[in-house]
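Observations on chain architecture
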Amino acid sequence: MGVKNWDAIVIGAGIVGLSLAIELNQLGLRVLVVEKGEPGREASWAAGGMLADFPLETPPLLRELATASARMYPEFVRGLEEESGLKIDLRSVGTLVLFHGETGVHRVSVGPSPATTEAYALPGPLAELEPALRAPDAAAPQFTALYAQERCVDPRHLTSAAIAAARHRGVDFSSGDPVLDVEVVNGKASGVRTSKARFAAGLVVNCAGAWAGKIPPHHFPTRPVKGQMLCVVMPEKELVRHVIRTPDVYLIPRSDGRLVIGATQEEAGFDKQAVPGTIQKLRQAALNLVPKLAEARILEAWAGLRPGTPDGLPILGATPTPGCFVATGHFRDGILLAPVTARLMSQIITGQTPQIDVLKFSASRFGS
Ligand SMILES: Cc1cc2nc3c(=O)[nH]c(=O)nc-3n(C[C@H](O)[C@H](O)[C@H](O)COP(=O)(O)OP(=O)(O)OC[C@H]3O[C@@H](n4cnc5c(N)ncnc54)[C@H](O)[C@@H]3O)c2cc1C
């Protein structure tokens, strides 16, 4: 079994691993991405693509990363488009965040000061912003609507472009064979072992998403959190104009007239089945918001596995094994957080001081 050498090996070709591979390559490192299946076909393919940066919903410890990453997005997407030659549907229409009934009152009361809430006031009457919405008084008596100037992106476009851009830059790929473990020689990372090959590098980064905890020597406490979604074709291309989030369901319109409806949050192990009854409930929740969606044709339903952690925060940085790093656990926000994660991790891996301190995201917070 021959052993080839790279400067860095990234385990996992999801959006986190791909973005990091590109960033390390830009710093002049020879990078190999090792993927157990087909690149970009797990959580990063299943995601909705909201780039949610809204104080009422983002965990306080994540806000600095979320805001920094949201700001990086237009340039991140432009770079991937240029290097891949592919178009990425990045939309800046904004998000309507709707709260109703008891949940709404509770969520708003634990949120920012009234002044901050004012910053999220609707830019116009709801009926003009989103004419297809069921009249608020009919939907719920205590209806609160806020507006966030967020973007959204088609994660499948994004991931395909990241794969093409990485290849174009000369990042190497090995796919279809899982990493069994990170090899450690004299206490330092020396590469990875798969069932068919060994690949050598002094730097190894575990970006294996929900599976990250299965790769020795470290057993990061990641777990899969299943999310089911469906995609419909809207009867009119701009029937729904904004991303709409409610406590029950969210709607994400794409520029070509598709609408993504999501998503469940289930503890179901590594099961990725889309269950017809569950998909039907999601569709019904969408219909309750936008009745005209009854005319929409269902295109596809699917499920994916978010990389969850015990405290809902990512695991980022060095590990006790020199040369071995981790970037995973992005849970519901990995599409949003990919650019900032790639930037900070590449700084850490190449011995620079990261521009945002990520010590609070260290794996050491979970003990040994
Ligand atoms: C239904 C749903 C909706 C979502 N909506 C949003 C959203 O709107 N906005 C947002 O920001 N985020 C969203 N997310 C979360 C987002 O998808 C994830 O946080 C993000 O994709 C994680 O990226 P990743 O690269 O870490 O993981 P993944 O994309 O899962 O990639 C990990 C890769 O590692 C590979 N791998 C695993 N084990 C091994 C091994 N042993 N050897 C080699 N390779 C291995 C896997 O095959 C996989 O390709 C959503 C997720 C789901 C499921």
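Please refer to the structure higher up on the page.
Overview of the structure. (Residues numbered from 1 in each chain as written. Predicted model: local features only at pLDDT ≥ 70, side-chain atom pairs only at ≥ 80, totals over all residues. Heavy atoms only, no water.)

1. Things to note about the overall build of the protein chain
Using the following cut-off: Only DSSP runs of H or I covering at least 4 residues are called helices, and only runs of E covering at least 2 are called strands; the numbering of each starts at the N terminus. Radius of gyration: over C-alpha atoms. The globule rule applied is 2.2 Å multiplied by the number of residues raised to the 0.38 power. For every residue, the accessible area obtained with a 1.4 Å probe (protein chains only) is divided by the maximum for its type, and the residue is called buried under 20%, exposed over 50%, and partly exposed between those limits.
Along the backbone of the protein chain there are 10 helices and 18 strands. Relative to the compact-globule value of 21 Å for 368 residues, the protein chain shows a C-alpha radius of gyration of 21 Å, a close match. With respect to the principal axes defined by its C-alpha atoms, the protein chain has extents near 65 × 40 × 40 Å. For the protein chain, the residues scored as buried account for 55% of the 368 residues in total.

2. Details of the pattern of salt bridges
Test applied: What counts as a salt bridge is simple: a side-chain nitrogen of Lys or Arg found within 4 Å of a carboxyl oxygen of Asp or Glu.
Evaluated as defined, the whole model comprises 19 salt bridges. One salt bridge in this structure joins aspartate 181 and arginine 193, with 2.9 Å as the shortest N-O distance. Note that aspartate 181 is positioned in strand 9 (residues 179-185) and arginine 193 in strand 10 (residues 188-194), a separation of 12 residues in sequence. When its relative accessible area of 32% is taken as the criterion, arginine 193 is described as partly exposed. In this structure, the salt-bridge partner of aspartate 271 is lysine 226, at a minimum N-O distance of 2.7 Å. Residue aspartate 271 is located in the loop between strand 15 (258-262) and helix 9 (276-289), and its partner lysine 226 is located in strand 12 (residues 223-233); the two are separated by 45 residues in the primary sequence. Accessibility expressed as a relative area gives 2% for lysine 226, which makes it buried. A network of salt bridges, in which partner residues are shared, links Asp154, Arg254, Asp256 and Arg258.

3. Observations regarding the sheet that holds strand 3 (residues 50-51)
Stated formally: What makes two strands pair is DSSP finding at least two bridges between them.
Taken in spatial order, the 3 strands line up as 3-7-4 in an open sheet, and their pairing is antiparallel. Lying at the two open borders of the sheet, with one neighbouring strand each, are strand 3 and strand 4 (90-91). Two strands pair when backbone bridges link them, and strand 3 and strand 7 (residues 151-153) are joined in this way by 2 bridges, in the antiparallel orientation. Counted as the bridge partner of leucine 51 is arginine 151 from strand 7.

4. A closer look at the nonpolar core
Rule in force here: We call a set of buried Ala, Val, Leu, Ile, Met, Phe, Trp, Tyr and Cys residues a nonpolar core when their side-chain atoms join them within 4.5 Å.
Counting residues in each nonpolar core, the largest one holds 52 residues, and the members touching the most others are Leu65, Leu80, Leu158 and Met345. Going through the elements one at a time, strand 1 (3-11), helix 1 (15-26), strand 2 (31-35), helix 3 (63-84), helix 8 (155-169), strand 18 (324-328) and helix 10 (334-349) are the ones with two or more residues in this core. Leu98, Leu126, Ala132 and Val290 belong to the second largest nonpolar core, which has 27 residues in total.

5. Some details on the packing of aromatic side chains
Formally: Classification of ring pairs uses Phe, Tyr and Trp, with its six-membered ring standing for Trp, and accepts pairs whose centres are within 6.5 Å; under 30 degrees between planes counts as stacked, over 60 as edge-to-face, and the remaining range as tilted. Definition used: whenever NZ (Lys) or CZ (Arg) falls within 6 Å of the ring centre and also within 35 degrees of the ring normal, the charge is taken to sit over that ring.
As enumerated under the stated definition, the model contains 5 aromatic pairs in all. Plain terms: the ring middles of phenylalanine 54 and tyrosine 120 are 4.9 Å apart, the flat faces sit at 85° to each other, and that makes the pair edge-to-face. Of this pair, phenylalanine 54 sits in the loop between strand 3 and helix 3 while tyrosine 120 sits in the loop between helix 5 (114-118) and helix 6 (126-129), and the two are 66 residues apart along the sequence. Summarising the burial analysis for this pair, phenylalanine 54 and tyrosine 120 share the class buried. Each ring, one from tryptophan 211 and one from phenylalanine 270, has its centre 5.7 Å from the other, and the planes form 35°; the classification is tilted. On the criterion of sequence distance, the pair formed by tryptophan 211 in the loop between strand 11 (198-206) and strand 12 and phenylalanine 270 in the loop between strand 15 and helix 9 is long-range, its members being 59 residues apart. Taking NZ or CZ as reference, arginine 167 lies 4.6 Å from the ring centre of phenylalanine 173, over its face.

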